[in-house]
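# Chain and residue survey
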Amino acid sequence: MPRKGHVKKRPVFPDSRYNSKSLGKFINGIMKGGKKSVAEKIMYSALDIAAERLNTDPFDVYQKALDNVKPLVEVRPRRVGGATYQVPVEVAPERAQVLAIRWILQYSRSKKGIPMAERLARELTDAYKGEGASIKKREDTHKMAEANRAFAHYRW
């Protein structure tokens, strides 16, 4: 965070196939080394694979998977009188989307030995069904917030 002034949000350009800014952000998250065309190929092929397995529209698979992974609450550390408490706070919609994208990509990247499109398709399919590693991460985050509900009055 800068000491002076406010940092403006950069514009996110929508993706080419579905004209969705959210999907554009996801593609930017996949991208490594500025190779956007490679990231787009990975994403679109993963969506096609997942949609074929679930017999639904590819964009619906993406949207439902992302909605299932988005957290509602998270814990933030608050320092009060020499002690650090994990204080549960509600997650802003934009941050929830960023966390969901980050978790899906993290767990799809962690499975080695398979092409990235296949790994991503599996993670999206699992998230669509409400299971898998990224859903477990969301549930763990919610459990942590529930366990620390006693410190909710430190929220400000």
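Everything discussed here concerns the structure shown above.
Because the structure is a prediction, the values reported are computed rather than measured.

Across its full length, the protein carries six helices and two strands. Each helix and strand of the protein, placed in order from N terminus to C terminus, yields the pattern α-α-α-β-β-α-α-α. Structurally, the protein occupies a C-alpha span of about 55 × 40 × 25 Å along its principal axes. Expressed as a percentage of the 156 residues in the protein, the buried residues total 39%. Taking the contacts inside the protein whose residues are at least 6 apart along the sequence as the reference set, 61% of them involve residues at least 24 apart.

Moving on: the packing of aromatic side chains. Taken as a whole and judged by the stated rule, the model has five aromatic pairs. Between tyrosine 18 and phenylalanine 59, the ring centres sit 5.3 Å apart and the planes meet at 25°, which makes this aromatic pair stacked. Here the residue tyrosine 18 occupies a position in the segment before helix H1 (21–30), and phenylalanine 59 occupies one in helix H3 (residues 58–69), the gap between them amounting to 41 residues. Geometrically, the ring pair formed by phenylalanine 26 and tyrosine 62 is edge-to-face, given 5.6 Å between the ring centres and 90° between the ring planes. Placement of the pair is phenylalanine 26 in helix H1 and tyrosine 62 in helix H3, with a sequence separation of 36 residues. On the basis of relative accessible area, phenylalanine 26 is assigned to the buried category, the value being 0%. For tyrosine 62, a relative accessible area of 1% translates into the label buried. An aromatic cluster is defined as three or more aromatic residues linked by ring pairs; in this entry it consists of Tyr18, Phe26, Tyr44, Phe59 and Tyr62. The ring of tyrosine 44 carries arginine 17 above its face, with NZ or CZ at 4.3 Å from the centroid. Between the NZ or CZ atom of lysine 64 and the centre of the ring of tyrosine 128, over which it lies, the distance is 4.7 Å.

Rules used in this analysis
- Residues numbered from 1 in each chain as written.
- Predicted model: local features only at pLDDT ≥ 70, side-chain atom pairs only at ≥ 80, totals over all residues.
- Heavy atoms only, no water.
- Helix = DSSP H or I, 4+ residues; strand = E, 2+ residues; numbered from the N terminus.
- Buried < 20%, exposed > 50% of the residue type's maximum accessible area, 1.4 Å probe, protein only.
- Contact = heavy atoms within 4.5 Å.
- Phe/Tyr/Trp six-rings, centres within 6.5 Å; stacked < 30°, edge-to-face > 60°.
- Lys NZ or Arg CZ within 6 Å of the ring centre and 35° of its normal.

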